[in-house]
Amino acid sequence: MEDMNYSKAVAELDEIVKKMQDPECSIDNLSTYTKRAKELLDYCRNRLTKTDEELKAILDSLQ
């Protein structure tokens, strides 16, 4: 996920959800989609946590 950013991750998650909701979605693909979605969710969660910590540090330095 070297070239990944938050916006790209969210967009890819949205595409995965659409694929999984498609009635034509093969049961064989569900595991692959779920694994990728978990990777993306982990990335987003970590990015949000890091950003929150950075913002708190910036705000603390202003006091």
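The notes below deal with the structure included here. Worth saying up front: this structure is predicted, and the values here are computed from it rather than measured. (Residues numbered from 1 in each chain as written. Predicted model: local features only at pLDDT ≥ 70, side-chain atom pairs only at ≥ 80, totals over all residues. Heavy atoms only, no water.)

## Structural notes on the pattern of salt bridges
Reasoning step 1: On inspection of all chains with the given rule, the structure shows seven salt bridges.
Reasoning step 2: Arg36 serves as the salt-bridge partner of Glu12, at 2.7 Å between the closest nitrogen and oxygen. Here Glu12, found in helix H1 (residues 6–21), pairs with Arg36, found in helix H2 (residues 27–62); they are 24 residues apart in sequence, far enough to count as distant.
Reasoning step 3: Between Lys56 and Asp52 there is a salt bridge, with its nearest N and O atoms 3.2 Å apart. Remark: Asp52 and Lys56 occur in helix H2; sequence separation between them is four residues, near one turn of the helix.
Reasoning step 4: Here Asp52 falls in the partly exposed class, since its relative accessible area comes to 38%.
Reasoning step 5: Connected through salt bridges with shared partners, the residues Glu12, Arg36 and Glu39 form a single ionic network. (Salt bridge = Lys/Arg side-chain N within 4 Å of Asp/Glu carboxyl O. Helix = DSSP H or I, 4+ residues; strand = E, 2+ residues; numbered from the N terminus. Buried < 20%, exposed > 50% of the residue type's maximum accessible area, 1.4 Å probe, protein only.)

## Structural notes on H2
Residues three or four positions apart in an α-helix share a direction because the helix packs 3.6 residues into each turn.
Reasoning step 1: Spanning 36 residues, H2 covers 53 Å between terminal C-alpha atoms, matching the ideal 52 Å at 1.5 Å per step.
Reasoning step 2: Buried within H2 we find Tyr33, Ala37, Leu40, Tyr43 and Cys44.
Reasoning step 3: Between the side-chain oxygen at the start of H2 and the backbone nitrogen of Asp28 there is a gap of 3.1 Å, and the oxygen is on Ser26. (Expected span 1.5 Å × (residues − 1). Polar contact = N/O pair within 3.5 Å; in protein donor to acceptor, adjacent residues only side chain to side chain.)

## Regarding a nonpolar patch on the surface
Reasoning step 1: The grouping of Leu55, Ile58, Leu59 and Leu62 at the surface amounts to a nonpolar patch, some 420 Å² of accessible area in total.
Reasoning step 2: Of note, Leu55 is situated in helix H2. (Patch = residues over 30% accessible without salt bridge, like charges linked within 9 Å, V, L, I, M, F, W, Y side chains within 5 Å. Areas by Shrake-Rupley, 256 points an atom, 1.4 Å probe, with all protein chains shown as cover.)

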